[in-house]
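# Overview (structure and organization)
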Amino acid sequence: MAMSAPDSVASSPSNLLGLDAAALQAFVARLGGKPFRARQLMRWVHQRHEASFDAMTDLARDFRAQLAGQCCVQVPAVSAGQVSSDGTRKWLFDVGGGNAVETVFIPEDERGTLCISSQAGCAVACAFCATGYQGFNRNLTTAEIIAQLWYAGRTLAQAPAQARSGRALQDGERSISNVVMMGMGEPLLNYDQVLAALRIMLDDNAYGLSRRRVTVSTSGVVPMMDRLREDCPVALAVSLHAPDDALRDRLVPLNRKYPLAELLAACNRYLERAPRDFITFEYVMLDGINDGDAQARQLIQVARQVRCKLNLIPFNPFPESGLRCSPASRIRLFARRLMDAGIVTTVRKTRGDDIAAACGQLAGEIKDRTRVAQRQPQRAVISPLAEVRS
Ligand code: SAH
Ligand code: SF4
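Worth saying up front: this structure is predicted, and the values here are computed from it rather than measured.

Rules behind the numbers
Residues numbered from 1 in each chain as written. Chains lettered and ligands numbered in written order. Predicted model: local features only at pLDDT ≥ 70, side-chain atom pairs only at ≥ 80, totals over all residues. Heavy atoms only, no water. Near = heavy atom within 4 Å. Nonpolar A, V, L, I, M, F, W, Y, C, P; charged D, E, K, R; others polar. Polar contact = N/O pair within 3.5 Å; in protein donor to acceptor, adjacent residues only side chain to side chain. Areas by Shrake-Rupley, 256 points an atom, 1.4 Å probe, with all protein chains shown as cover. Helix = DSSP H or I, 4+ residues; strand = E, 2+ residues; numbered from the N terminus. Pairing = 2+ DSSP bridges. Axes fitted to C-alpha atoms, helices over the stretch in contact; angles between N-to-C directions. Core = buried A, V, L, I, M, F, W, Y, C linked by side-chain atoms within 4.5 Å. Buried < 20%, exposed > 50% of the residue type's maximum accessible area, 1.4 Å probe, protein only. Contact = heavy atoms within 4.5 Å.

## Some words on the site of ligand 2
In the neighbourhood of ligand 2, the contacting residues comprise Cys-122, Val-124, Ala-125, Cys-126, Cys-129, Gly-132, Gly-185, Glu-186 and Ser-219. When grouped by side-chain class, the residues that make up the shell around ligand 2 number five nonpolar, three polar and one charged.

This is the structure in C-alpha cells:
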C-alpha cells in the first residue's frame with residue numbers, strides 16, 4: 001500500500017479510493033480502457049483491498065503499467081489503532097495539517113457496524129459533543145472518507161474471525177455489514193464528497209451495501225436533507241436532542257437556522273423516498289437539561305408528527321462540556337414514558353468507552369491548539385451552557 005504524505009491523499013486527483021463508478025469509468029476511458037475494465041479495477045480495489053497494480057493479474061500488463069504511472073490507492077497514515085475490552089476497535093487517521101479523524105468498528109452478534117467521519121472537526125458546535133469543541137478544520141475528501149472503510153475492511157479481513165464479529169462469519173461474509181456516518185463531522189455540510197462516498201459504498205462492484213445498511217446522521221441541515229432524498233436516499237438518523245426550539249437552539253446551534261417545524265417537515269419529505277419506513281431520532285440524555293417529564297411529554301408530541309424510532313443515547317462525558325449524563329433510572333423512566341405513548345424507543349448501549357470510542361468522544365487529535373483557543377470565545381456565544389443548565 002502506498003503510504004505517502006497525508007496531504008497528498010487529500011489532494012491527489014488520481015487516488016482511486018475517491019472515484020465513484022462514473023468517475024472511474026471516465027478515468028479508465030482516458031487511458032483507452034473499456035467500461036468493464038473500470039468495473040474490474042473497482043472490484044480489485046474495494047472488494048479485494050488490493051493497492052498494488054502488479055497484483056491485479058487479470059488486467060493486461062500494459063494497462064497495469066499505465067495505471068501505475070497515473071494513479072494510486074492511498075490511505076492516510078494510521079497513527080493509532082486500539083481495541084476495547086468489548087471488541088470495539090478504533091483507528092486514528094492522520095489527514096495532515098495537524099488533523100486526525102477517527103473511525104470505530106462495533107462488532108455485534110447480527111452485524112458489524114463501521115462508524116466513519118466526514119470532516120476534521122465540526123462547525124455546528126453542539127454543546128455536548130467533543131468534536132464540536134474542536135471547531136471546524138476541514139472537509140474530508142471522498143478518498144479520505146472511503147479510505148476509512150477500505151482500511152478497516154482490509155484490517156478486519158486479516159483479523160481472526162472472533163475479532164471481526166460476535167458470531168462466526170460464513171465464508172466470504174464481510175465483517176462490515178453496516179456503515180453509519182456518525183463519526184466526526186456533519187456529513188451534510190460536506191455534501192458532494194459524502195455523496196460520492198455513499199455511491200461507492202452502495203456500488204455492487206465496490207462495497208455493495210444496501211441503502212438500508214448505510215445511515216447518514218445529521219444535526220438537521222434541511223436543504224441538504226432534500227438533496228440527499230433526491231440523489232441517494234440512504235437510511236437517515238436525525239440528531240434531535242431537544243423537543244422545543246428554545247432548548248434545541250442552545251444544544252444544537254444549527255436549530256437557529258433550521259428550526260424544529262422545518263426539520264420535521266424535511267423528515268416527512270425524506271420519508272417519501274427513504275429505504276426504511278422510519279427516521280431514527282437521536283436524543284442524548286443530559287442530566288437536568290432535556291430529561292424531565294415535561295420534556296418527555298413534549299417529545300411524544302414531536303415524535304407523533306413523523307414516522308420515527310427514538311434512540312436515547314447516554315451522554316458520554318468529556319471534561320470541557322460541564323455536562324452530566326442522566327442517571328440510569330431517569331433514562332429508563334424517560335424511555336418508559338415514550339414507550340407507553342406508543343413510540344418505539346431504544347437506549348443505545350455504550351460501546352468502546354474504555355478507548356474513548358463512544359459517541360461524541362471522538363476528538364481526533366489536534367496539534368493546532370491555537371485554532372481551538374480561538375474558537376472558545378465564539379462557542380460561549382453560540383452555546384451558553386450556563387443558560388442551558390438554568
Ligand atoms: N454530525 C452528525 C453526525 C455525527 S455525531 C450528527 O450530529 O448527527 C453522531 C451522534 O453522536 C449524534 O447523534 C450526536 O448527537 C451524538 N453525540 C455527540 N456527542 C455525544 C456525547 N458526548 N455523548 C453521546 N452522544 C453524542
Ligand atoms: Fe457536529 Fe454532530 Fe458533534 Fe453536533 S453532534 S458538533 S453536528 S459532530
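## Focus: the site of ligand 1
Around ligand 1, 20 residues are found, and the nearest of them are Phe-128, Ser-217, Ser-239, His-241 and Asn-316. Taking Glu-186, its side chain carries an N or O atom lying 3.3 Å from a nitrogen atom of ligand 1. Here Ser-217 contributes a side-chain N or O atom positioned 2.6 Å from an oxygen atom of ligand 1. Its free accessible area being 530 Å², ligand 1 has 96% of it covered by the protein chains. For the shell around ligand 1, the secondary-structure elements that each account for two or more residues are β8 (214–218), β10 (279–285) and β11 (308–314). Along the lines of polarity and charge, the residues of the shell around ligand 1 split into nine nonpolar, nine polar and two charged.

## What about the sheet that holds strand β3 (residues 99–107)?
With respect to topology, 10 strands assemble into an open sheet ordered β1-β2-β3-β4-β7-β8-β9-β10-β11-β12, the strand pairing being mixed. In this open sheet, the two edge strands, each paired with only one partner strand, are β1 (77–83) and β12 (345–347). Taken over all neighbouring pairs, the strand axes of this sheet differ in orientation by 20° on average, direction set aside. For β1 and strand β2 (residues 89–96), the ladder comprises six bridges, and the chain directions are antiparallel.

## Some words on the nonpolar core
Most often, soluble globular proteins keep nonpolar side chains buried together rather than apart. Counting residues in hydrophobic clusters, the biggest one holds 113 residues, and the most contacted among them are Leu-16, Phe-128, Leu-198, Met-201, Leu-228 and Phe-281. Examining the composition of this core, we find that nine residues originate from one element, helix α6 (residues 142–158), more than from any other. The residues contacting Met-201, other than those within four sequence positions of it, are Ile-116, Ile-145, Ile-146, Leu-149, Val-179, Met-181, Tyr-207, Gly-208, Leu-209 and Val-214.

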